Amino acid sequence: MLNLAGDWVLSSEGHDIPFTLPGDGIDALHQAGVIPDPYFGRNEYGLRWISDRTWVARRSFTTTRTDLVLVASMLDCLVTVAVNGQTVLVSDNMFLSHRVDLSGALRQGENEITLTFGNVVTEGQRRQDAQRYFVPFSANNTPIHNGNMLRKPSCDFGWDWNIALAPFGVYGDLYLEEAGPRIDHLVIAQTHEPGKATVTVAAHSEAEGAEVSFVLCGVHARAVVRRGVAQVALPIDDPQLWWPAGQGAQPLHLLSVKMGAHVLTRKIGLRQMELVTEKDAVGLGFKFRVNGRDVFAKGANWIPQDALSGRINEADTRGLLQSAVDANMNMIRVWGGGRYEPTWFYDLCDEMGLMVWQDFMFSCHIYPADEAFLSGVAEEVRQNALRLHHHACLALWCGDNELIGALTWFPETRANRDLYLVGYDRLNRTIETALKAAVPGAVWWPSSPSPGPMDFGDAWHDDSKGDMHFWSVWHEGRDFDHYRDVSPRFCSEFGFQSYPSMATIRKFAAPGDWNIAAPVMESHQKNAGGNARIAETMFRYFRFPVDFENFVYLSQVQQGLAIKTAVTHWHSLRPHCMGTLIWQLNDTWPVCSWASLDHGGNWKLLHHMAKDFFAPVTVSAVPVAGGVELRAINDTGAPVNLTVVAHAVAMTGQTRELARATIEVAGQALPALCVTVEDHEILAFTWAGDGHQGGDTFAPKPYKSYDLLPPRLTQKVKTVGQAYEITVETQSLALFVALEADQPGRFSDNAFTLFPGHPARITFTPDHPGPEPRFTLRDLYSATYGKDAT
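Residues numbered from 1 in each chain as written. Predicted model: local features only at pLDDT ≥ 70, side-chain atom pairs only at ≥ 80, totals over all residues. Heavy atoms only, no water.

> I would appreciate a short explanation of the pairing of strand S19 (residues 253-259) in the present structure.
Here S19 shows a buried face lined by His 253, Leu 255, Val 257 and Met 259 and an unburied face lined by Leu 254, Ser 256 and Lys 258. Where S19 lies against strand S20 (residues 262-268), seven bridges are found, and the strand directions are antiparallel. Among the inter-strand pairings, His 253 is bridged to a residue of S20, identified as Ile 268. Linking two consecutive strands that pair antiparallel, namely S19 and S20, is a turn of two residues; a positive phi of about 60° is found at Gly 260 within it. (Buried < 20%, exposed > 50% of the residue type's maximum accessible area, 1.4 Å probe, protein only. Helix = DSSP H or I, 4+ residues; strand = E, 2+ residues; numbered from the N terminus. Pairing = 2+ DSSP bridges.)

> Is there a simple way to think about the pattern of salt bridges in this case?
Taken as a whole and assessed by the stated rule, the structure comprises 44 salt bridges. Arg 489 serves as the salt-bridge partner of Asp 280, at 2.6 Å between the closest nitrogen and oxygen. Linking Asp 280 in the loop between strand S21 (273-276) and strand S22 (287-290) with Arg 489 in the loop between helix H9 (472-475) and strand S30 (491-493), this pair joins segments that are 209 residues apart in sequence. Taking relative accessible area as the criterion, Arg 489 reaches 5% and is therefore assigned buried. Among the salt bridges present, the one from Glu 657 reaches Arg 660, with a minimum N-O distance of 2.9 Å. Among the residues examined, Glu 657 registers a relative accessible area of 41% and is labelled partly exposed. (Salt bridge = Lys/Arg side-chain N within 4 Å of Asp/Glu carboxyl O.)

> What exactly am I supposed to notice about empty space enclosed by the protein here?
Rolled over the atoms, a probe with the dimensions of a water molecule shows which regions are left empty. This model, assessed by the stated rule, comprises six cavities of 30 Å³ or more. What lines the largest cavity is a set of 15 residues, and nearest its centre among them are Phe 117, Gly 118, Val 120, Ala 166 and Phe 168. The residue makeup of the lining of the largest cavity, split by class, is nine nonpolar, three polar and three charged. (1 Å grid on protein atoms, 1.4 Å probe; cavity = no way out; pocket = protein on both sides within 12 Å on 5 of 7 lines; lining within 4 Å. Points joined across faces, edges and corners; volume = space filled by probe spheres on them. Nonpolar A, V, L, I, M, F, W, Y, C, P; charged D, E, K, R; others polar.)

> Honestly, helix H13 (residues 548-571) in this entry has me stumped. Any pointers?
In an α-helix, one turn spans 3.6 residues, which is why side chains three or four residues apart end up on the same side. Between its first and last C-alpha atoms H13 spans 34 Å; for 24 residues at 1.5 Å apiece the expected length is 34 Å, and the two agree. Across the 24 residues of H13, 23 count as buried, placing the element largely inside the fold. (Expected span 1.5 Å × (residues − 1).)

> Is there a simple way to think about the packing of helix H3 (residues 314-326) against helix H4 (residues 343-352) in this case?
When two helices pack together, their arrangement is given by the angle between their axes and by how far apart the axes lie. In contact at an axis separation of 10 Å, H3 and H4 are set at 30° when each is read in the N-to-C sense. You can see that H3 and H4 cross each other, and the crossing is right-handed. Listed contacts from H4 to Glu 314, Thr 317, Arg 318, Leu 321, Gln 322 and Val 325 of H3 are Trp 344, Phe 345, Leu 348, Cys 349, Glu 351 and Met 352. Looking at side-chain class alone, the contact of H3 with H4 contains seven nonpolar, two polar and three charged residues. (Axes fitted to C-alpha atoms, helices over the stretch in contact; angles between N-to-C directions. Left-handed = near helix turned anticlockwise from the far one by under 90°. Contact = heavy atoms within 4.5 Å.)

> Mind showing me how you'd approach the sheet that holds strand S41 (residues 734-741) here?
Strands in a sheet are paired, the pairing made by backbone hydrogen bonds, and the direction either parallel or antiparallel. The three strands are arranged S43-S41-S45 in an open sheet whose pairing can be described as antiparallel. This sheet does not close on itself; its edge strands, each paired only once, are strand S43 (752-754) and strand S45 (775-778). Here the strands of the sheet are splayed against their neighbours by 40° on average, with no regard to which way each runs. Inspection of the sheet shows S41 paired to S43 by two bridges, in the antiparallel sense. Bridge pairing in S43 links Val 737 to Phe 752. Against the sheet, H13 engages S41 and S45, with an angle of about 120° to S41.

> Is there a simple way to explain the packing of helix H12 (residues 530-541) against H13 in this structure?
Where H12 contacts H13, the axes come no closer than 10 Å and their chain directions differ by 75°. Overall, the two elements H12 and H13 adopt an arrangement that is roughly perpendicular. Seen from H12, the contacting residues are Ile 534, Ala 535, Thr 537 and Met 538; seen from H13, they are Phe 551, Leu 554, Ser 555 and Gln 558. Along the lines of polarity and charge, the residues of the contact of H12 with H13 split into five nonpolar, three polar and no charged. (Parallel < 35°, antiparallel > 145°, perpendicular 65-115°, else oblique.)

> Looking at this structure, I do not really get the pairing of strand S10 (residues 97-101). What am I missing?
Two faces, one strand: in a regular strand the side chains alternate between the faces of the sheet. Side chains His 98 and Val 100 project from S10 onto a buried face, and the interleaved Ser 97, Arg 99 and Asp 101 project onto a face without burial. Sheet topology places strand S6 (residues 68-73) next to S10; five bridges connect them, and they run antiparallel. Bridge pairing in S10 places Val 69 opposite Asp 101.

> Before we go on, may I ask you to explain the state of the cysteines in this structure?
Note on terminology: a disulfide is the covalent bond linking the sulfur atoms of two cysteines. Evaluated as defined, the whole model comprises zero disulfides. Of all cysteine sulfurs, the one in Cys 491 lies closest to Cys 577, which takes part in no disulfide; the gap is 7.4 Å. By relative accessible area, which is 0% here, Cys 577 ends up buried. The cysteine Cys 592 is free of any disulfide, with Cys 155 supplying the nearest cysteine sulfur at 18 Å. (Disulfide = S-S within 2.5 Å.)

> What is the right way to read the packing of aromatic side chains from this model?
The geometry of an aromatic ring pair comes down to the distance between the two centres and the angle between the two planes. Within this structure, the stated rule accounts for 49 aromatic pairs. Arranged with centres 6.2 Å apart and planes meeting at 70°, the rings of Tyr 340 and Phe 360 form a pair that is edge-to-face. Remark: Phe 360 occurs in the loop between strand S26 (355-359) and helix H5 (371-388) and Tyr 340 occurs in the loop between strand S25 (331-334) and H4; sequence separation between them is 20 residues. An aromatic cluster of at least three residues, connected via ring pairs, comprises Trp 471, Trp 474, Phe 480, Phe 496, Tyr 541 and Trp 594. (Phe/Tyr/Trp six-rings, centres within 6.5 Å; stacked < 30°, edge-to-face > 60°.)

> I'm lost on unusual backbone geometry in this one. Help?
Negative phi is the rule for most residues except glycine; trans is the rule for most peptide bonds. Residue Pro 22 follows Leu 21 across a cis peptide bond; omega there is 0°. Cis geometry marks the peptide bond from Arg 574 to Pro 575, where omega comes out at 10°. Along the chain, the position of Pro 575 falls in the loop between H13 and strand S31 (579-582). Unlike most non-glycine residues, Glu 402 shows phi in positive territory, near 65°. Within the secondary structure, Glu 402 sits in the loop between strand S27 (394-398) and helix H6 (403-406). Its identity is not glycine, yet Ala 751 carries a phi of approximately 55°, on the positive side. Of note, Ala 751 is situated in the loop between strand S42 (745-747) and S43.

> Can you walk me through the sheet that holds strand S8 (residues 79-83) in this structure?
Strand order across the open sheet formed by six strands is S3-S2-S5-S11-S8-S9, with antiparallel pairing between neighbours. In this open sheet, the two edge strands, each paired with only one partner strand, are strand S3 (15-21) and strand S9 (86-91). Adjacent strand axes in the sheet meet at a mean angle of 25°, parallel and antiparallel pairs treated alike. When S8 meets strand S11 (residues 109-117), the two strands line up antiparallel, connected through five bridges.

> Would you mind showing me how to read H5 here?
Over its 18 residues, H5 extends 26 Å from the first C-alpha to the last, a length consistent with the 26 Å expected when each residue adds 1.5 Å. Within H5, burial applies to Phe 373, Leu 374, Val 377, Glu 380, Val 381, Gln 383, Asn 384, Ala 385, Leu 386 and Leu 388. Measuring from the backbone nitrogen of Ala 372 back to the side-chain oxygen at the start of H5 gives 3.3 Å, which picks out Asp 370 as the cap. (Polar contact = N/O pair within 3.5 Å; in protein donor to acceptor, adjacent residues only side chain to side chain.)

> I'm lost on the environment of Leu 70 in this one. Help?
Examined against the element boundaries, Leu 70 turns out to sit in strand S6. Taking the C-alpha atoms as reference, Leu 70 lies 4.6 Å from Leu 176; in sequence the two are 106 residues apart. In this structure Leu 70 touches Leu 4, Val 81, His 98, Arg 99, Val 100, Leu 102, Leu 174, Tyr 175 and Leu 176, once residues within four positions along its chain are discounted.

That is the geometry; function is a separate question.
Shown next as structure tokens:
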């Protein structure tokens, strides 16, 4: 193999700079000092010229052979490849992989290869103009227009959380290898019965008559390629099953398939994954069943790790996914406006037990429905389905994100719905047909949200069937209690924004810009009216914070409270509701957004709260007529005997027991207690049993209604190995106590409630060795009254 990754030269209209591949051109321009940091201040707006021109990358290489094949993937996006001046590949789809015979272009000795990256702005407009009718796109999300004409991440053109720079580059394979007999691809399927799994492997090849050997779990088999395929069934007795996180272990077994010198390997998790959609008295259920067990999906939506694809890497992605698991999540939805992730992403999810809901890459626009476009879509679907389908984590293939809703969003679609509905149906059927042709038996769902196959209803407001996106609280400005007005079968999107943490804000804004109305802060808020909505909601629930840093803190408390309200209520409806996927897990750059993790991976307060409300055994507080009902929830798969105790808490921190009960809870959430508190009190409750324990609080009124007392928090820090233990104490009830450090790392807990006489011991583990951190304490009282208030 001759690897073409590494040093290239990138040129355009007077610029000649080093270009490292894999990588993207915008990051290369920044590294070369040609442009400033795209993420700092308002620099983004002065850099959009980059996408509005053509760029050329070139390098030379030496070879003694000419019978070589170019292997290339993730070419972004309009890329013409030439070898020694001869065009060998023209690609207009970042989501495809290519194998190109170079025997007619190579020469022995030195060769030159060039990659010409076309102008996506002019080409997008050209393709739009060539359509028989206008194909609308979400212009409010995408300042760079006509991204729906091109097959690259939709969010590259901007989104309501993303920078708009339309980067270009190469992010996958780029190498030469010898031509010769090979296995083109594998199709792998599993069937299960008690005590036995059977894995069927079909090796597809053009080498008719070649012998292929297969090995999995010590089971060997051979087959000969006939009519393009060699297929075997590998029986495995007493299989070690793969389970989602929190349900069991994740054993992975090496499958080896060999034909001559060509060997393909896959890591196989043995499991039975089902999407169960059964009609009932309410509508149409929606749940995942793994190895015969119904699993409540707890997780978040995944967007690209970084806005500049050259900065995406396995180590940082691993950290983000591990944070999901550490917060008791078991599912990630790879959202349809991003990209099909590299194979190593799904390897990580296999390893960690994160089920993957995989959208195909169509989101929030109307798309072309001509034969040329649909032909490219079919090949895109085929390639990515074949590449990814064997992964144990793969739970669902979904046709798109919000394209059914998009049929109602544009003047053109409302005026001529039939035309655009037919176009959508052609696209959706192309995706489904290509998927099932490549991977028979693939678990398919037509769109998200969707009431179900061939149902084009309003899954933003109809909670009776299929999966739901519930955005009324954020986009419509409804109060948090409105989350309790709906009972989704599965909510695959819902969210509430906050500001990024101060450590993140310092990376893009100088202290003079620490103001929610400052142009820099507004440029790092991509959702129209988002900053105003955060502030307006704050007036509804809290006394206003005393300064900007406490505004940032309180925005994160507020975000956590919103999502906690939704999740704890919907979880308490189990098994009517069987999944909640928060929008969103991560950020692509430093920005105000719905993410629970800052850009770079720091845990926002929501993520700490999620660790608690996604616990495998928990208790939810649900307001009902006559009080607050405490409902016990068990996601473990085995019955648990739980003792639930409720207390009323005064602002002094003094408690009085209200009631207690012991209950056995299995797959259905059950009420344990119903209690009331006095007007000046909040509710605190604990649960314990069979190795599970926890506690929580619930305020029946907005927090601004309570006359908080100064907690006079104290902290003591001691070193424990490479970590630090912070002991925090209070003299009165302290709400949403949060620690911040002046260096990156992770706290063991945050946004917790503290009672007098019950110190909290929090561990901080720095990301890197260094001097002792300095810690800042925040709580609701000091954020809204000021530390010196009495």
